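Coordinate analysis (summary)
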Amino acid sequence: MLALKNVILTSLRLSSYSKTTYNLVSLFEKRCVSSILPNPFSTSVPNSLIRQLPSNSTNTSILSSVSSLVPSLFLKKSCPSLQQTRSVTKWSLNKGKRKTVKAVVARFYRLGWGAWIRPMVGRNKRHWSKTAKRKIRAEKHVFCNSTQSTLLDKMVTKYWRKRRFYVDDLYEPYHQREEYSLTAVKPH
């Protein structure tokens, strides 16, 4: 890593000191480039970066070859991302057991035959722009496909995969699927 940094900095300093060159050098020195090498403690430079390093011909070619390399260094963020994740916890810290992703339980509902349903996307948004017919249609639920259902099954524990029995369940007619032989109650 140090070898790469020194090569780029010396090639930038060898070229004529214009305002842009000075800005590139100061920007490069301020920015951490640890994300370009796979191992931060390694002093060897990867072959792909060596091919991109400037040749020793002239100062103008040094600047042009480095300027094509330097912007790609700054595109990668070295800081960790702060995006929200809802990945499943396979081993909890207290008991070492698998945990349910609470967002799945809050947003989806599992039917008795294994399918998951969810409300229509954006049903509570932009009511002023929707017609009355479209608002009524948005209140209905839709099925998740088989890939999504498998993923949701993996994100919840066995407790949530079992069928839940509620008093006056609105989804009671949908818990049996008679046309599918594995979930049919009546014999075919």
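How each quantity is defined
Residues numbered from 1 in each chain as written. Predicted model: local features only at pLDDT ≥ 70, side-chain atom pairs only at ≥ 80, totals over all residues. Heavy atoms only, no water. Helix = DSSP H or I, 4+ residues; strand = E, 2+ residues; numbered from the N terminus. Buried < 20%, exposed > 50% of the residue type's maximum accessible area, 1.4 Å probe, protein only. Core = buried A, V, L, I, M, F, W, Y, C linked by side-chain atoms within 4.5 Å. Contact = heavy atoms within 4.5 Å. Salt bridge = Lys/Arg side-chain N within 4 Å of Asp/Glu carboxyl O. Patch = residues over 30% accessible without salt bridge, like charges linked within 9 Å, V, L, I, M, F, W, Y side chains within 5 Å. Areas by Shrake-Rupley, 256 points an atom, 1.4 Å probe, with all protein chains shown as cover. Lys, Arg positive; Asp, Glu negative; His and termini not counted. Charge placed at Lys NZ, Arg CZ, Asp CG, Glu CD.

**With respect to unusual backbone geometry**
- Its identity as a non-glycine residue notwithstanding, Arg-126 has a phi of 50°, on the positive side.
- Positive phi values are uncommon outside glycine, yet Asp-168 reaches one of about 50°.
- Considering the arrangement of structural elements, one finds Asp-168 in the segment after helix H8 (158–161).
- For Asp-168, a relative accessible area of 73% translates into the label exposed.

**Let's talk about the nonpolar core**
- If you look at the biggest cluster of nonpolar residues, it comprises eight residues: Val-101, Ala-103, Val-104, Trp-116, Cys-144, Leu-152, Met-155 and Val-156.
- Of all the elements in the fold, those that place two or more residues in this core are helix H5 (102–107) and helix H7 (146–155).
- Look past the residues within four positions of Val-156 in its chain and what remains in contact with it is Thr-100, Val-104, Val-105, Trp-116 and Arg-161.

**Observations concerning the pattern of salt bridges**
- Per the counting criterion, the structure on display carries three salt bridges.
- Of the charged contacts, one joins Arg-110 and Asp-153 as a salt bridge, the two residues approaching to 3.0 Å between their closest N and O atoms. Highlighted residues: Arg-110 in strand E1 (residues 109–110) and Asp-153 in helix H7, separated in sequence by 43 residues. Of the two residues, Arg-110 and Asp-153, both sit in the buried class.
- For the salt bridge of Arg-177 with Glu-179, the shortest nitrogen-to-oxygen distance reads 3.2 Å.

**Quick look at a positive patch on the surface**
- A cluster of basic residues, Lys-90, Arg-98, Lys-154, Lys-158, Arg-161 and Lys-162, forms a positive patch at the surface.
- Among the secondary structure elements, Lys-154 is positioned in helix H7.

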